[in-house]
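Architecture at a glance
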2 protein chains.
Amino acid sequence: MIVEKRSFTQPEFRFGISGRTLPVTVGYETYGQLNAARDNAVLLCHYFTGTSHAAGRYAPDDPAPGWWDALIGPGRPIDTDRFFVICSDVIGNINANNPRVITTGPTTIDPTTGRPYGCRFPIFTLDDMVRLQRDLVISLGISRLVAIGGASMGGLQAFTWARRFPGFADRIFAVAATPMIRPYGIMVPNQLGIDAIRLDPAWRGGDYYGHEPPNQGLLLAFKILLMATRTDPWAEALCGRQPADPTGEKWPAPHRGFDGRFKIETEIEATVLARMQFFDANSYLYIAKANALFDLCDPGQDLAAALRTIATRTLMIIDASDLLFTPAHAAEAMKYLPNADTFTYDSGNGHLSALFDTQHFAERLREFLR
Amino acid sequence: MIVEKRSFTQPEFRFGISGRTLPVTVGYETYGQLNAARDNAVLLCHYFTGTSHAAGRYAPDDPAPGWWDALIGPGRPIDTDRFFVICSDVIGNINANNPRVITTGPTTIDPTTGRPYGCRFPIFTLDDMVRLQRDLVISLGISRLVAIGGASMGGLQAFTWARRFPGFADRIFAVAATPMIRPYGIMVPNQLGIDAIRLDPAWRGGDYYGHEPPNQGLLLAFKILLMATRTDPWAEALCGRQPADPTGEKWPAPHRGFDGRFKIETEIEATVLARMQFFDANSYLYIAKANALFDLCDPGQDLAAALRTIATRTLMIIDASDLLFTPAHAAEAMKYLPNADTFTYDSGNGHLSALFDTQHFAERLREFLR
């Protein structure tokens, strides 16, 4: 499946917290065909470090497809023979330096100053992300969605949709996500990652554009994130207690000093460094903040009351080995969600199984969308 | 129980990895009386941020007793009517700026330069800690111990004793510790904490003495540590999603920007900041490194073979809610340890229950020492 990036601009997007109004452009992709009745659309929402490239390739020789390619396509669980699938970047997408990410965020030039917004960009929430998606969907002539879903932060967006725009979608599904972020989740990985980036002197209060970016802080933030999204057995199977380099040439042995490396550290770092050229540290701050602020409750409302308002048919798909969104969280949500099911599997690989072990839940998702 | 700090100096202590020989002084405390046969001694080993102040108070108006005071004293599980209890600081104790911590480490003046060692102090391991404890114990005329035990890193030291000096102790007990650190445990909290401190420009390669210390890096390292040693339900019960300051005077509300704080963050920070004046960042690096390097295996030996050599009667006490040393780790160790029992409880509070919820295992420990 060959795909291309599209662009939608909302010239006057109003940010909820600050009330500021800015022009916002967002990149998106679509897979499959919109039918004549415009009633076969499915909206996918991406995860923390993801983009709107959910499926397909930009060219036949593209080395890797989109992040949920295994689930999206003709005859696949999110079946492009039936559905018109839309996926858009979130505001402030972390991959701001990827030339295919054209979405407005802290790296965007502020038209009033001619310089990047940096940390003068407004704080935004998942409510803002979802309102922008709604503007996009409506611009396509679509007033009702078959389903909205996604993994991790994408699942949180699906819950936000159901809470803020009831009836717009017939179904929502959340993989590796529950409708609440607990104080532990505020900290890990979000606030700890914010701390790590701000600690790097290269961050310069967010005004590092044109200078060396705060890559050490960003690397630490992502290491915290990646450890929280994997598991102890996953790490043990990957590398045990091996040193990064048995020869000691590239990395000193761990006992040789503070530059010494175990393989677990270089493995984690390699995952980040492979994509680091695309990541923007300020964008990380904003997305981490948006996750920490995720909250379906109106002021003064408790979680039970907020969840009871979500009448949309809901499926939570939870990995028993997930440290961030746990079966216990899902069980608590089930007490209040009036129309929800939970499907639980155990990959042993943690939160990231939502992206890399989709075979565990592909058929359950197909059934939910049938 | 009024206690006092004592001091032991080994003028020529040889560090295992580097082979360097340095004078090393260590602070220690004792509780109860050594009997005439000198055969009633119990050695306690302290945790990551602990000291040798395991029990009692330095003065009647001392606000808080030692860290395991609930377990140590006349009639208590570690019964000072029966036992002579010894607890010594580890080399490089993190509380180097506490006037009662007199133990050699990175803050010590190098006699050859007249300046603090800083990161020129030799990398040390738990094997070194234990050899120094052995020198201390032997200096007291004791050649056999009733038991050796401790919590977390203290339990790792007990395993190291049994592995390196078989027969010296009749029993070992390890609370919130198993005889291995997995790659996940290498990273969380150890290597991530090392990264955080080194990221702080105030660290200056370890030569910050006489300057502002790297307190922001140290704070982030401890926040990572504290999150790993607690649990999601603990954090939820403590503060939920409350802001740090409902008035917004001391801290902006979380949605107001990157200085905004949730209560979970200020609660975690308060725990660290209350003791921060005593903490030394370089000492943190060394202790984190020692934990990451913890390994009972000889070169090329696998864990099973190493554990099969530990004939000492062993008790592991494990909290089912502990994220760092888990029931699964204990179950694996039980396959190989020839003479071990495991007692499991579930406080819901995570790793730190070993210090704060001792009622869960106090009677099991009493029975083990009977």
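Residues numbered from 1 in each chain as written. Chains lettered and ligands numbered in written order. Predicted model: local features only at pLDDT ≥ 70, side-chain atom pairs only at ≥ 80, totals over all residues. Heavy atoms only, no water.

All names here are of chain A. Pairing in this open sheet of 8 strands is mixed, and the strands run β1-β2-β6-β3-β9-β10-β11-β12 from one edge to the other. Lying at the two open borders of the sheet, with one neighbouring strand each, are β1 (6-14) and β12 (340-345). Strand-to-strand, the axes of this sheet are offset by a mean angle of 20 degrees, without reference to chain direction. Sheet topology places β1 next to strand β2 (residues 21-31); 7 bridges connect them, and they run antiparallel. Opposite Arg6, over in β2, you have Tyr28 as the bridge partner. Sitting on the sheet, helix α1 (residues 126-139) touches β1, β2, β3 (41-45), β6 (84-88) and β9 (145-151), and the angle it makes with β1 is about 120 degrees. (Pairing = 2+ DSSP bridges. Helix = DSSP H or I, 4+ residues; strand = E, 2+ residues; numbered from the N terminus. Axes fitted to C-alpha atoms, helices over the stretch in contact; angles between N-to-C directions. Contact = heavy atoms within 4.5 Å.)

Below, the discussion takes up the interface of chain B and chain A. Counting residues at the interface gives 53 residues for chain B and 53 residues for chain A. Summed over both sides, the interface of chain B with chain A buries roughly 4700 Å², with 67% coming from carbon and sulfur. Counting across the chain B and chain A interface gives 8 salt bridges. Here A:Asp195 and B:Lys223 are joined by a salt bridge, their closest N and O atoms 2.5 Å apart. Between chain B and chain A we count 24 residue pairs in polar contact (both at pLDDT 80 or more) in total. (Buried area = accessible area lost by both parts, 1.4 Å probe. Salt bridge = Lys/Arg side-chain N within 4 Å of Asp/Glu carboxyl O. Polar contact = N/O pair within 3.5 Å; in protein donor to acceptor, adjacent residues only side chain to side chain.)

Between chain B and chain A, the superposition needs a rotation of 180 degrees and an axial shift of 0.0 Å, giving an RMSD of 0.0 Å. Classification of the inter-copy transformation places it as that of a two-fold axis. A symmetric contact is evident, with 100% of the interface residues of chain B recurring at the interface of chain A. (Least-squares fit on C-alpha atoms with pLDDT ≥ 70 in both.)

Attention now goes to the environment of B:Pro106. Residue and element names in this part refer to chain B. Relative to the helices and strands, Pro106 resides in the loop between β6 (84-88) and α1 (126-139). Between the C-alpha atom of Pro106 and that of Thr309, which follows or precedes it by 203 residues, the distance is 34 Å. Among residues more than four places away in sequence, those in contact with Pro106 are Gly92, Pro116, Tyr117, Gly118, Phe121, Tyr209, Asp280, Asn282, Ser283 and Tyr286.

Interhelical geometry of helix α6 (residues 263-276) of chain A versus helix α3 (residues 183-199) of chain B gives an angle of 70 degrees and a closest axis separation of 10 Å. By the angle between their directions, the pair α6(A) and α3(B) is classed as roughly perpendicular. Contact with α6(A), carried on its side by A:Ile264, A:Glu265 and A:Ile268, involves B:Pro183, B:Ile186, B:Met187, B:Gln191 and B:Asp195 of α3(B) and no other residues of that element. Its residues assigned to classes, the contact of α6(A) with α3(B) shows 5 nonpolar, 1 polar and 2 charged. (Parallel < 35°, antiparallel > 145°, perpendicular 65-115°, else oblique. Nonpolar A, V, L, I, M, F, W, Y, C, P; charged D, E, K, R; others polar.)

A:Pro189 follows A:Val188 through a cis peptide bond whose omega is 5 degrees. Even without being glycine, A:Arg204 reaches a positive phi, approximately 50 degrees. Judged by its relative accessible area of 47%, A:Arg204 is partly exposed. The phi dihedral of B:Ser152 is positive, around 55 degrees, even though this residue is not glycine. With respect to the helices and strands, B:Ser152 occurs in the loop between β7 (145-151) and α2 (153-164). (Buried < 20%, exposed > 50% of the residue type's maximum accessible area, 1.4 Å probe, protein only.)

Right, let's get into the pattern of salt bridges. Counted by the stated rule, this structure contains 42 salt bridges over all chains. One salt bridge connects B:Arg6 with B:Glu4, and the closest N-O pair in it is separated by 3.6 Å. Take B:Glu4: its relative accessible area is 47%, and that puts it in the partly exposed class. Across the salt bridge formed by B:Arg163 and B:Asp298, the nearest N and O atoms sit 3.1 Å from each other. Highlighted residues: B:Arg163 in helix α2 and B:Asp298 in the loop between α7 (281-293) and α8 (303-308), separated in sequence by 135 residues. Relative accessible area serves as the criterion here: at 10%, B:Arg163 is assigned to the buried category. Here the residues in one salt-bridge network are A:Asp195, B:Lys223, B:Arg261, B:Glu265 and B:Glu269, joined through shared partners.

Next up on the list: the nonpolar core. Formed by 268 residues in total, the largest nonpolar core has its most connected members in A:Trp68, A:Ile78, A:Phe173, B:Trp68, B:Ile78 and B:Phe173. Leaving out residues up to four positions away in the same chain, B:Phe173 has contacts with B:Leu44, B:Trp68, B:Ile78, B:Ala147, B:Ile148, B:Gly149, B:Gly150, B:Ala158, B:Leu315, B:Leu365, B:Phe368 and B:Leu369. (Core = buried A, V, L, I, M, F, W, Y, C linked by side-chain atoms within 4.5 Å.)

On to the pairing of strand β2 (residues 21-31) of chain B, then. Residues and elements named next belong to chain B. The buried fraction of β2 amounts to 8 of the 11 residues, a majority that puts the element mostly inside the structure. Taking the residues that link successive antiparallel strands as the turn, the strand β1 (residues 6-14)-β2 hairpin has 6 residues, and the phi of Gly19 there is positive, at about 75 degrees. In this sheet, β6 lies alongside β2 in antiparallel orientation, the contact comprising 4 bridges. Bridged to Thr30 within β6 is Ile86.

Glancing now at the side chain of A:Gln157. All names here are of chain A. With respect to the helices, strands and loops of the structure, Gln157 is situated in helix α2 (residues 153-164). Reaching out from Gln157, the side chain makes a polar contact with the side chain of Gln133 at a distance of 2.7 Å. With sequence-adjacent residues up to four places away left out, Gln157 is seen in contact with Cys45, His46, Val90, Leu126, Met129, Val130 and Gln133.

With that settled, consider the sheet that holds β7(B). All names here are of chain B. Across the sheet, 8 strands lie side by side as β1-β2-β6-β3-β7-β8-β9-β10; this open sheet has mixed pairing. The two strands at the open ends of the sheet, each matched to only one other strand, are β1 and β10 (340-345). Neighbour to neighbour, the strand axes of the sheet diverge by 20 degrees on average, direction disregarded. Bridge count between strand β9 (residues 313-319) and β10: 6 bridges; the pairing is parallel. Paired with Thr314 across the bridge in β10 is Ala340.

If you check helix α6 (residues 263-276) of chain B, its first and last C-alpha atoms are 19 Å apart, about what 14 residues at 1.5 Å a residue would give, namely 20 Å. Helix geometry: α6(B) is bent most strongly at B:Ala270, by close to 25 degrees. Taken as a whole, α6(B) has its buried residues at B:Ile264, B:Glu265, B:Thr266, B:Ile268, B:Glu269, B:Val272 and B:Met276. Looking at the buried side of α6(B), the elements it contacts are α3 (183-199) of chain A together with α4 (215-228) and α5 (232-239) of chain B. (Expected span 1.5 Å × (residues − 1). Bend = angle between axes of the 7 residues up to and from the residue.)

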